[in-house]
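Structure assessment
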Amino acid sequence: MGNKKTPQNQDEKYTRSVRCPVHRAVIGKYDMRDGLINAVFLCPKCRREYTYTIPPRKP
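To keep things clear, this report deals only with the structure shown in the data block. Keep in mind that this is a model prediction, so the values were computed, not measured. The written sequence of each chain sets the order in which its residues are numbered from 1. Under the rules for a predicted model, residues below a pLDDT of 70 receive no local features and side-chain atom pairs below 80 are neither given nor counted, while totals for whole chains, interfaces and linings still include all residues. Water and hydrogen atoms were dropped before computing side-chain values, which therefore reflect all heavy atoms in the structure.

Moving on, we come to the side chain of Asp31. Mapping Asp31 onto the fold places it in strand β2 (residues 26–31). Residues are treated as being in contact if the distance between any of their heavy atoms lies within 4.5 Å. When neighbours within four sequence positions are excluded, Asp31 is seen to be in contact with Asp11 and Tyr14. Helix and strand definitions here come from DSSP, where helices need a minimum of 4 consecutive H or I residues and strands a minimum of 2 consecutive E residues; each element is numbered from the N-terminal end.

Next comes the structure, spelled out in structure tokens:
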């Protein structure tokens, strides 16, 4: 039973981070298989909202 992978562990290898273009701070995460469509993230350092559209990629 210990050799089965949980869905949570499988999702971690497809997770990518979204970074602020100014400070390079991590402001969010997304699944590369799904991509992002008009997702808005707020950078806590510069207090600006950034909108991202990232197409999905095949693993």
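In this section: unusual backbone geometry. Here the phi dihedral of Arg24 falls at roughly 60°; this positive angle occurs in a residue that is not glycine. Relative to the assigned elements, Arg24 resides in the loop between β1 (15–19) and β2. When accessible area is computed with a 1.4 Å probe and restricted to protein chains, residues below 20% of their type maximum are described as buried, those above 50% as exposed, and intermediate ones as partly exposed. Looking at Arg24, the relative accessible area reads 53%, which means it is exposed. Not every positive phi belongs to a glycine, and Asn38 is a case in point at roughly 50°. Structurally, Asn38 is set in strand β3 (residues 36–42).

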